[in-house]
Amino acid sequence: MDYAVKFRPTPHLPVAESNEVFPVGRIYCVGRNYAEHAREMGHDPEREPPFFFMKPADAIVPNGATIPFPQATNDLHHEIEMVVAIGKDGADIPAEKALDHVFGYGVGLDMTRRDLQGEAKKMGRPWEMGKAFDNSAPCTALKTAAMAGHPAKGAIWLKVNGAVKQKGDLSEMIWNVPEMISYLSRLITLRAGDLIMSGTPAGVGPVKAGDRLEGHVDGVGELTVTYAK
Ligand code: MN
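As a starting point, this report considers the structure included with it. (Residues numbered from 1 in each chain as written. Predicted model: local features only at pLDDT ≥ 70, side-chain atom pairs only at ≥ 80, totals over all residues. Heavy atoms only, no water.)

## Points about the sheet that holds strand 17 (residues 212-217)
Sheet architecture is open: five strands sit in the order 6-18-17-13-14, paired in mixed fashion. A strand with exactly one partner marks an edge of an open sheet, and here the two such strands are strand 6 (66-67) and strand 14 (163-169). Across two bridges, strand 6 lies against strand 18 (residues 221-227) in parallel orientation. Considered in strand 18, the bridge of Thr66 is made with Thr226. (Pairing = 2+ DSSP bridges. Helix = DSSP H or I, 4+ residues; strand = E, 2+ residues; numbered from the N terminus.)

Written out as structure tokens, the structure reads:
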């Protein structure tokens, strides 16, 4: 088969301690999944059903990269998140079976053009231009569930230029990993290769050109990216 335009290889993430890579299909993100973050964004963290938005697979940025500062924003924000990598297709997955569909875990950033997202919210428009832009999904290599287990508690934090900005614990998620997989699989068929960004703890804030971001999730990994000057 001849492609009519230049072929773009499937985005992928390294698998820790392996020569294999994980091909990234779709990236789903859970909104407002930590109560303190919901509050800081002006929402009542009542246990409403989870909601989801997406980023394109080619928004993935490898660990250690220097990222060009994105266009069209004066208010780029960091959101540190645990990333869940799906290893097995499924629809209508019960929560009790959800972890069977997990390949592994990574540490990611849901980079957000907060000004564009805010405008979209105000006007009742989609969030894509605030969330789904170039290089908006830095992520570490994935640790398999065999290596990392299924982390349900442990620290998640983000530093900007060495100063702690976000700090939380995975146990504070409003919808835990099995529940979010179960919910999402009732809306779409999850496919092997999909990623789920599981939400961010409180402390989101601005990122400037030249900033160095270091993120951590206990037992999962460390992510470091730098924004070009
Ligand atoms: Mn997020």
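## A look at the sheet that holds strand 16 (residues 205-206)
The sheet built from three strands is open, its strands ordered 10-7-16 with antiparallel pairing. Unpaired on one side and paired on the other, strand 10 (112-113) and strand 16 mark the two borders of the sheet. Across two bridges, strand 7 (residues 76-78) lies against strand 16 in antiparallel orientation. The partner of His78 across the bridge, within strand 16, is Gly205.

## Observations regarding the packing of aromatic side chains
Scanning all chains against the criterion turns up six aromatic pairs. Aromatic pair Phe53 and Trp127: ring centres 5.4 Å apart, planes at 50 degrees, arrangement tilted. In this pair, Phe53 is assigned in strand 4 (residues 52-55) and Trp127 in the loop between helix 3 (114-123) and helix 4 (128-131), connecting sequence segments 74 residues apart. Taken together, the ring pairs in this structure connect Phe51, Phe53 and Trp127 into an aromatic cluster. (Phe/Tyr/Trp six-rings, centres within 6.5 Å; stacked < 30°, edge-to-face > 60°.)

## Remarks on the coordination of the manganese ion
Note on the manganese ion: its protein donors are Glu79 (OE), Glu81 (OE) and Asp110 (OD). The metal-donor distances range over 2.1 Å. Of note, the donors binding the manganese ion are all from one chain and are spaced E-x1-E-x28-D. Here Glu79 matches Glu81 in class, with each residue buried. (Donors = N, O, S within 2.8 Å, 3.2 Å for Na, K, Ca; no water. Buried < 20%, exposed > 50% of the residue type's maximum accessible area, 1.4 Å probe, protein only.)

## Concerning helix 6 (residues 177-184)
Of all the eight residues making up helix 6, six are buried; the element is thus mostly covered by neighbouring parts of the structure. Where helix 6 is concerned, the buried positions are Val177, Pro178, Met180, Ile181, Ser182 and Leu184. Residues of helix 6 that are buried in the fold lie against strand 3 (27-30), strand 4, strand 8 (80-86), helix 2 (95-98), strand 9 (102-109) and strand 15 (195-197). N-cap assignment for helix 6: the residue whose side-chain oxygen lies 3.0 Å from the backbone N of Glu179 is Asn176. (Contact = heavy atoms within 4.5 Å. Polar contact = N/O pair within 3.5 Å; in protein donor to acceptor, adjacent residues only side chain to side chain.)

## As for a nonpolar patch on the surface
A surface patch of nonpolar side chains, about 440 Å² in accessible area, is lined by Met1, Tyr3 and Phe7. Position of Tyr3 among the secondary structure elements: in the segment before strand 1 (12-14). (Patch = residues over 30% accessible without salt bridge, like charges linked within 9 Å, V, L, I, M, F, W, Y side chains within 5 Å. Areas by Shrake-Rupley, 256 points an atom, 1.4 Å probe, with all protein chains shown as cover. Salt bridge = Lys/Arg side-chain N within 4 Å of Asp/Glu carboxyl O.)

## Details of unusual backbone geometry
Residues other than glycine seldom take positive phi values, yet Asp92 does so here, at roughly 50 degrees. Considering the arrangement of structural elements, one finds Asp92 in the loop between strand 8 and helix 2. Phi at Asn135 is positive, roughly 60 degrees, even though this residue is not glycine. One can find Asn135 in the loop between helix 4 and strand 11 (137-139).

## What about the environment of Gly168?
Relative to the elements of secondary structure, Gly168 occurs in strand 14. A relative accessible area of 12% places Gly168 in the buried class. Here the alpha-carbon distance between Gly168 and His77, two residues 91 residues apart in the chain, equals 17 Å. If we ignore the near neighbours within four places in the chain, the residues touching Gly168 are Gly154, Ala155, Ile156 and Pro201.

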